[in-house]
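The chain contents come next:
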Amino acid sequence: MNRGFFTFVFMSNQPIGFFDSGVGGTSIWKEVRQLLPNENTIYLADSKNAPYGEKSKKTILSYSIKNTDFLLKKGCKLIVVACNTATTNTISKLRALYDIPFIGIEPAIKPAALQSKNNAVGILATKGTLSSELFAKTSEKFASEITIVEQVGEGLVELIESGQLNSPKTTELLQQYIKPMLALKTDYIVLGCTHYPYLIPQIKKIVGDKVSIIDSGEAVAKQTQAILLKNNLLNNSFNKNFHQFYTNGNLEVLKNILGKTPENTTIEFADF
Ligand code: DGL
């Protein structure tokens, strides 16, 4: 056995890191955990700085670097940028700056555009995502022939960060944002922010069952699996898994959104 073998075994046991502007990226963590139950994980909720969606590209990059450094100090072998806003504005820079694999998340425009029968797709995302170059390129590539109704979900991240998944204000904003999509006969709504899957029950009440709602969670989990496999990084040890969650915001909100967690899960406040 050579040194390379030990390095490889050591690395593959290391955790997968996740970060988001807050609690929303736990929707991605849940998908990854379901597909890869043998992986250790560390999740960072930068709730103190949420929402990222209204901030400048430079500020979003500085938060993304700070979060990445925290996760690397904890020994993460791969980082899932569980935030559309951070991905669409910073992923190419992160990949250039660091020597580990990054998985990003982008609005699922391609599958929606391919499956829409009415050729009309609604997209609910942050201002930062909808105004990014990456988003412009993806829509140009996959959806130039169809009607795209873009809508900034202003205020929704703040409501979710304060634990209001089902408040009258949340319903009011969702109705305001979704009704114009329905008026243009969209039969697909893309959730382009990792916080929004937590609003699916409320969105379904508004759109009924004729409109499909899609997000990128499952695709991100599959991509994470593929990249771990490609880099020989899948955890193959039989040690008990661990899951560590850190927030610099409200601990209770994070606990509530996570719901039931696996054994060996810790949820702590950290000032990062
Ligand atoms: N979860 C983030 C995303 O996917 C929310 C961004 C924000 O904080 O505005 O875009």
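The notes below deal with the structure included here. (Residues numbered from 1 in each chain as written. Predicted model: local features only at pLDDT ≥ 70, side-chain atom pairs only at ≥ 80, totals over all residues. Heavy atoms only, no water.)

## Re the overall build of the protein
Turning to step 1, where the next piece is worked out: The helix and strand tally for the protein stands at 12 helices and 10 strands.
Turning to step 2, where the next piece is worked out: Since a compact globule built from 272 residues should have a radius of gyration of about 19 Å, the 19 Å found for the protein is in line with a globular shape.
Turning to step 3, where the next piece is worked out: Taken over the C-alpha atoms alone, the protein extends approximately 65 × 40 × 35 Å along its principal axes.
Turning to step 4, where the next piece is worked out: In the protein, buried positions account for 54% of the 272 residues.
Turning to step 5, where the next piece is worked out: In the protein, once contacts between residues fewer than 6 apart in sequence are set aside, the share between residues at least 24 apart is 74%.
Turning to step 6, where the next piece is worked out: In the form shown here, the protein has an accessible surface area of approximately 12,900 Å², with 53% of it arising from carbon and sulfur atoms.
Turning to step 7, where the next piece is worked out: One way to put it: in the protein the 29 positive side-chain charges average out to a point 3 Å from where the 24 negative ones average out. (Helix = DSSP H or I, 4+ residues; strand = E, 2+ residues; numbered from the N terminus. Rg over C-alpha atoms; globule rule 2.2 N^0.38 Å. Buried < 20%, exposed > 50% of the residue type's maximum accessible area, 1.4 Å probe, protein only. Contact = heavy atoms within 4.5 Å. Areas by Shrake-Rupley, 256 points an atom, 1.4 Å probe, with all protein chains shown as cover. Lys, Arg positive; Asp, Glu negative; His and termini not counted. Charge placed at Lys NZ, Arg CZ, Asp CG, Glu CD.)

## What about the sheet that holds strand E10 (residues 265-269)?
Turning to step 1, where the next piece is worked out: Strand order in the open sheet formed by 6 strands is E4-E3-E1-E2-E9-E10, with parallel pairing between adjacent strands. Lying at the two open borders of the sheet, with one neighbouring strand each, are strand E4 (102-103) and E10.
Turning to step 2, where the next piece is worked out: Inspection of the sheet shows strand E1 (residues 16-20) paired to strand E3 (residues 78-81) by 4 bridges, in the parallel sense. Looking at E3, one finds that Ile16 is bridged to Leu78.
Turning to step 3, where the next piece is worked out: Helix H2 (residues 26-35) contacts E1, strand E2 (41-45), E3 and strand E9 (243-247) of the sheet and is inclined by roughly 175° relative to E9.
Turning to step 4, where the next piece is worked out: Helix H12 (residues 251-258) rests against E9 and E10 of the sheet, and its axis sits at about 155° to E10. (Pairing = 2+ DSSP bridges. Axes fitted to C-alpha atoms, helices over the stretch in contact; angles between N-to-C directions.)

## Describing the site of the ligand
Turning to step 1, where the next piece is worked out: As a matter of local geometry, the ligand sits amid 13 residues, with Ser21, Tyr52, Gly53, Thr85 and Thr194 nearest to it.
Turning to step 2, where the next piece is worked out: Asp20 places a polar side-chain atom, nitrogen or oxygen, 2.9 Å from a nitrogen atom of the ligand.
Turning to step 3, where the next piece is worked out: One of the backbone nitrogen or oxygen atoms of Gly53 is found 2.7 Å away from an oxygen atom of the ligand.
Turning to step 4, where the next piece is worked out: In the complex, the protein chains occlude 99% of the 300 Å² of accessible area that the ligand would expose alone. (Near = heavy atom within 4 Å. Polar contact = N/O pair within 3.5 Å; in protein donor to acceptor, adjacent residues only side chain to side chain.)

## Observations regarding the layout of surface pockets
Turning to step 1, where the next piece is worked out: As a volume, the largest pocket reaches approximately 590 Å³.
Turning to step 2, where the next piece is worked out: Around the largest pocket, the lining comprises 30 residues; the ones closest to its centre are Thr87, Gly104, Ile105, Glu106 and Leu134.
Turning to step 3, where the next piece is worked out: Elements with a contribution of two residues or more to the lining of the largest pocket: helix H4 (84-97), E4, helix H5 (109-115), helix H7 (133-143) and helix H11 (217-230).
Turning to step 4, where the next piece is worked out: If one sorts the elements of the lining of the largest pocket by residue count, H4 sits on top with 8 residues.
Turning to step 5, where the next piece is worked out: In terms of residue class, the lining of the largest pocket is made up of 12 nonpolar, 9 polar and 9 charged. (1 Å grid on protein atoms, 1.4 Å probe; cavity = no way out; pocket = protein on both sides within 12 Å on 5 of 7 lines; lining within 4 Å. Points joined across faces, edges and corners; volume = space filled by probe spheres on them. Nonpolar A, V, L, I, M, F, W, Y, C, P; charged D, E, K, R; others polar.)

## Quick word on empty space enclosed by the protein
Turning to step 1, where the next piece is worked out: Counted by the stated rule, this structure contains 2 cavities of 30 Å³ or more.
Turning to step 2, where the next piece is worked out: One number sums up the size of the largest cavity: a volume of about 60 Å³.
Turning to step 3, where the next piece is worked out: Around the largest cavity, the lining is made up of 13 residues, and of these Ser21, Cys83, Thr85, Thr126 and Cys193 lie nearest the centre.
Turning to step 4, where the next piece is worked out: Along the lines of polarity and charge, the residues of the lining of the largest cavity split into 5 nonpolar, 7 polar and 1 charged.
Turning to step 5, where the next piece is worked out: Taken as a whole, the second largest cavity spans an internal volume of roughly 30 Å³.

## Here we look at the state of the cysteines
Turning to step 1, where the next piece is worked out: Scanning all chains against the criterion turns up 0 disulfides.
Turning to step 2, where the next piece is worked out: This cysteine, Cys76, is not joined by any disulfide, and Cys83 carries the nearest cysteine sulfur, 17 Å off.
Turning to step 3, where the next piece is worked out: Of all cysteine sulfurs in the structure, the one in Cys83 sits closest to Cys193, which takes part in no disulfide; the separation is 6.8 Å. (Disulfide = S-S within 2.5 Å.)

## Description of helix H3 (residues 57-73)
Turning to step 1, where the next piece is worked out: In this model H3 runs 24 Å from its N-terminal to its C-terminal C-alpha over 17 residues, within 8% of the 24 Å that 1.5 Å per residue would give.
Turning to step 2, where the next piece is worked out: Taken residue by residue, H3 has Ile60, Leu61, Tyr63, Ser64, Asn67, Thr68, Phe70 and Leu71 as its buried positions.
Turning to step 3, where the next piece is worked out: Buried residues along H3 sit in contact with E1, E2, E3, H4, E4 and E9.
Turning to step 4, where the next piece is worked out: Taken from the residues just after H3, Gly75 is the one with a positive phi, measuring 85°. (Expected span 1.5 Å × (residues − 1).)

## Overview of the packing of H3 against H4
The angle between the axes and the distance between the axes are what describe a pair of packed helices.
Turning to step 1, where the next piece is worked out: Where H3 meets H4, the axes come as close as 9 Å, and the angle between the chain directions of the two elements is 60°. Relative to H4, the element H3 is oriented oblique. Regarding H3 and H4, the two cross each other, and that crossing is right-handed. Across from Lys57, Ile60, Leu61, Ser64, Ile65 and Thr68 in H3, the residues of H4 making contact are Thr85, Ala86, Asn89, Thr90, Lys93, Leu94 and Leu97. (Parallel < 35°, antiparallel > 145°, perpendicular 65-115°, else oblique. Left-handed = near helix turned anticlockwise from the far one by under 90°.)

## Focus: the packing of H2 against H12
Turning to step 1, where the next piece is worked out: Their axes nearest at 10 Å, the elements H2 and H12 cross at an angle of 40°. For the element pair H2 / H12, the angle class is oblique. Crossing angle aside, the handedness with which H2 passes H12 is right-handed. Where H2 approaches H12, its residues Thr26, Trp29 and Lys30 are matched on the opposing element by Leu254, Ile257 and Leu258.
Turning to step 2, where the next piece is worked out: Class assignment for the residues of the contact of H2 with H12 results in 4 nonpolar, 1 polar and 1 charged.

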